[in-house]
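# Observations on chain architecture
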Amino acid sequence: MSATDYRYHLPDLHCESCERAVRRRLAREPQVESVDVDLAGRQIVVHGRAPGLDAELRAALQSAGFQPQPGAPGDA
């Protein structure tokens, strides 16, 4: 099965500690292959092994204390 990318803007992603928290929490999700973090842009891209993971990923990010927004700031 091919990977699907999920892109989120995390307004509260401020530092390396935040990045570690995001990576640690998403690593517990079995369908997550990898996570790319753009700390300066406050964005992440999650590479998942299955389509339809958006709700699960959002819940995981919220449980880590982040409020995920779709894409990048200003995306329609």
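Below you will find a few notes about this structure. (Residues numbered from 1 in each chain as written. Predicted model: local features only at pLDDT ≥ 70, side-chain atom pairs only at ≥ 80, totals over all residues. Heavy atoms only, no water.)

## What about the side chain of arginine 25?
Along the chain, the position of arginine 25 falls in helix H1 (residues 16-27). In contact with arginine 25, not counting residues within four places along its chain, are Ala60, Ser63 and Ala64. (Helix = DSSP H or I, 4+ residues; strand = E, 2+ residues; numbered from the N terminus. Contact = heavy atoms within 4.5 Å.)

## Here we look at the nonpolar core
Within the largest apolar cluster, 16 residues are counted, with the highest numbers of intra-cluster contacts made by Tyr8, Leu10, Val22, Leu26, Ile44, Val46 and Leu57. Among the elements of the structure, strand E1 (4-9), H1, strand E2 (32-38), strand E3 (43-48) and helix H2 (54-63) are those that each provide at least two residues to this core. (Core = buried A, V, L, I, M, F, W, Y, C linked by side-chain atoms within 4.5 Å. Buried < 20%, exposed > 50% of the residue type's maximum accessible area, 1.4 Å probe, protein only.)

## Quick notes on H2
Of the positions making up H2, those classed as buried are Leu57, Ala60 and Leu61. Relative to the axis of H2, the buried residues are bounded by an arc of 95 degrees and lie together on one face. Facing away from the buried side of H2, by more than 90 degrees, are the exposed residues Ala55 and Ser63. Buried-residue contacts for H2 involve E1, H1, E2 and E3. (Arc of directions from axis to C-beta.)

## Details of the pattern of salt bridges
Any two side chains of opposite charge can pair, so long as their charged atoms come close to each other. For the structure on display, the rule yields 3 salt bridges. Across the pair glutamate 19 and arginine 23 runs a salt bridge whose closest N-O atoms are separated by 3.1 Å. With glutamate 19 and arginine 23 both in helix H1 and 4 residues apart, this pair spans about one turn of that helix. Its relative accessible area of 19% is what places glutamate 19 among the buried residues. Of the charged contacts, one joins arginine 25 and glutamate 29 as a salt bridge, the two residues approaching to 2.9 Å between their closest N and O atoms. No difference in accessibility class separates arginine 25 from glutamate 29, as the two residues are buried. (Salt bridge = Lys/Arg side-chain N within 4 Å of Asp/Glu carboxyl O.)

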